[in-house]
Amino acid sequence: MTATPAATGALSRLKASGAHQKILAFASLIVLLVFFSLASPNFLQTSNILAILQATSVNGVLAIAATLVIITGGIDLSVGTLMTFCAVIAGVVLTFWGMALPFGIIAAIAAGTFCGFISGSLIARMKIPPFIATLGMMLILKGLSLVISGTKPIYFNDTPSFPLISTGSLIGSFIPALPVPNGVLILFVLALVISWVLSRTTLGRYCFALGSNEEAVRLSGVNADAWKVAIYALAGGICGIAGLLIASRLNSAQPALGLGYELDAIAAVVIGGTSLAGGRGSILGTIIGALIMSVLLNGLRILSVAQEWQTVVTGLIIIAAVYADMLRRRRAG
Amino acid sequence: MLNRRHMLGAISAVALMASAGIGAAQDKLYIPLISKGFQHQFWQAVKAGADKAAAELGVEVTFEGPDTEAQVDRQIDMLAAALAKKPAAIGFAALDSQAAIPLLKQAQEAGIPVIAFDSGVDSDIPVATAATDNLAAAALAADKMAEMIGGSGKVALVVHDQTSRTGIDRRDGFVNRMKEAHPEVEIVDIQYGAGDQLQSTEIAKAILTAHSDLKGMFGANEGSAIGVVNAKKELGKTDLVVIGYDSGAAQKAAIMDGTMAGAITQNPVGIGYETVKAAVAAAKGEAVSKSIDTGFFYYDKSTIDAPEIAAVLYD
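One numbering rule holds for all chains: residues counted from 1, following each sequence as written. Each chain is given a letter, starting from A, and each ligand a number, starting from 1, according to the order in which they appear as written. Residues qualify for local features only when their pLDDT is at least 70, as the model is predicted, and side-chain atom pairs are given and counted only at 80 or more; totals for whole chains, interfaces and linings, by contrast, use all residues.

Per an unreviewed UniProt entry, chain B goes by the name LacI family transcriptional regulator and belongs to Gemmobacter aquaticus. Taken directly from UniProt, the Subcellular location (unreviewed entry) text for chain B runs: "Cell envelope". You can read under Sequence similarities (unreviewed entry) in the UniProt record for chain B the words "Belongs to the bacterial solute-binding protein 2 family." UniProt positions are given in the numbering used here, feature names are shortened, and annotations may be inferred rather than shown by experiment.

As recorded in an unreviewed UniProt entry, chain A goes by the name Ribose ABC transporter permease, listed as coming from Gemmobacter aquaticus. What UniProt states about chain A under its Subcellular location (unreviewed entry) heading is, verbatim, "Cell membrane".

Below, the structure is given as structure tokens:
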């Protein structure tokens, strides 16, 4: 392990600045929860809290993928349609080919990793700007999902255990009072794993280093391109997990879905305090960001706020969260 | 603490907007309608019908739907939130029947009657379905098309999508009727434009360019139909017979100036109205008819102002 000065520098900067925004985001989440609980007796009931968590699971997983890429100073617009593509691949393996469940899971994650590898190669080796490369991938994958599925949803009726990936409850089988859906469990386990990767592994260190000073990483003799490809591939594999979650929840791979989901993922990432300029961010912040978005949307629905206003409020919250973060940093620096 | 105050400001903005919602009477029957869409004028007309029934019957109705008809998971989240509010009954227009089954079962177990609207739900859980017979409506469009192009020649379709029930039924209703009743008419192309006006315009132009002898085009929903009209205007194809679906200001104008020969209209106001009416009856334990046909009409320049047509058209 050869940690470069640039990498260690970026790491210490992260440690100094990450904590505040996370506390701020967490406080906002608590305020929202308290407010909605007081405003409606229907908000704080187990079934509704589980519904909120279930609604967070897919966006949360996509946001984890987006966080990795955004920390490197890049962007991935293809996370939503890549998720759909991986769901369709699972459908092909399980329903069209009739193979066993583990093959479908492996195929979906492998397909995601492969597509991430392609995106990463376009960006790192062919020097196509991330916005353009992943915009292209977003459209390619949207089209391929429709082509491969024959433009129809692929149902998983032949694989009865498939819906359990997302909707079954491992926790509930031990603690019946707490039927947390597996999709939520997967989200939190994944968050822990990727947090560990970011803070404890070389890949994580280079992720931050590439985002804060790519040139320095390069000059210190590190193969920056290879690390960047690896990070995009990892993000792609995570999108594969999101694909499995959404397909299992809907018991079908919906080929037309996915466009626009990248924006929700990016919104969760920035609410959570990850900088779009790269070099700074955390998975915990992203999870809180994703929770804020789904709590807000669910709460507004419970309060019967008109749908057009729900969208306005979500937009206001994104701007307020990022502005508060900027103010804090301007004063700090 | 400046930043904390900013966050509080945003939160109180939420509070202000929310309080408008909480003010509604608590003891009224509450019926949420989870629709397939929200922004299109068609859905706004369904909402208008639902609001009308709510006012007449003294119940509280909310109306929600995802941004696009592909967002099956978003619709499921809306349904979950609606169930948490312990409603008296639920109106539901499924984007994908299978995906919604677990939540519909939950509703059934909680004794909440479900009324399907716009398109059916492939399940026996809904106590009633209020919908247009899209197959029959599109078949009527095919008959009108065949009549206007003289029983033979090439026609093409621009449809909103190939996955939704309405997209499939309108396409198949039109195509099958042509094959059975008008074998001389040849369907040369079917393309999908997501119901987006601009995308449908480009698609229609491409079809018209590829088939210069095309006699007629059918646009299977509002956005598709307007796309076909735009293409006809931009390419100056004055002889092309265009038949549309639904209404809206642009489509009505096209019929009045002759760019469009006519259109099928559903009865969106009636769909919303009948859904709420059936929901109230079901919530009170009264018998409801399993299938409520909300009807459809063909209209053109000569009938657009007739009272029974004008009542179901929207701007």
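1. A look at the confidence of the model for chain B
Residue and element names in this part refer to chain B. Per residue, pLDDT captures the predictor's confidence, and it can take any value from 0 to 100. Mean pLDDT over chain B: 88, with 92% of residues reaching 70 or higher. By definition, any uninterrupted DSSP run of H or I lasting at least four residues is a helix, any uninterrupted run of E lasting at least two residues is a strand, and each is numbered from the N terminus. Within chain B, no element has a lower average pLDDT than helix H1 (residues 2-22), which sits at 49, and none a higher one than strand S9 (residues 241-245), at 97. Residues are treated as contacting if the C-beta atoms built from their backbones sit within 7 Å of each other. With pLDDT under 50 throughout, residues 14-25 is counted as low confidence; its partners more than four residues away or in other chains account for 17 contacts. Here the predicted complex carries an ipTM of 0.79, next to a pTM of 0.79.

2. Examining the sheet that holds strand S2 (residues 60-64) of chain B
All names here are of chain B. Should DSSP find at least two bridges between two strands, the strands are regarded as paired. Strand order in the open sheet formed by six strands is S2-S1-S3-S4-S5-S11, and the pairing between neighbours is parallel. The sheet is open, and its two borders are formed by S2 and strand S11 (291-293), each paired with just one other strand. The mean angle between the axes of side-by-side strands here comes to 20 degrees, regardless of whether they run parallel or antiparallel. The pairing of strand S3 (residues 90-92) with strand S4 (residues 114-118) spans three bridges and is classified as parallel. Pairing of Ile 90 across the sheet is with Val 114, part of S4. With axes taken as lines fitted to C-alpha atoms, and helix axes fitted only over the stretch in contact, angles between N-to-C directions fall between 0 and 180 degrees.

3. Here's the deal with the environment of Arg 177 of chain B
Residues and elements named next belong to chain B. As for its position among the elements, Arg 177 is in helix H6 (residues 165-181). Its 21 C-beta neighbours within 10 Å are what place Arg 177 among the buried residues. Expressed as a C-alpha distance, the spacing of Arg 177 and Asp 143, which sit 34 residues apart in the sequence, is 7.5 Å. With sequence-adjacent residues up to four places away left out, Arg 177 is seen in contact with Ala 139, Ala 142 and Asp 143. In this scheme every C-beta is placed from the backbone, and a residue whose C-beta has 20 or more other C-beta atoms within 10 Å is buried, one with 12 or fewer is exposed, and one in between is partly exposed.

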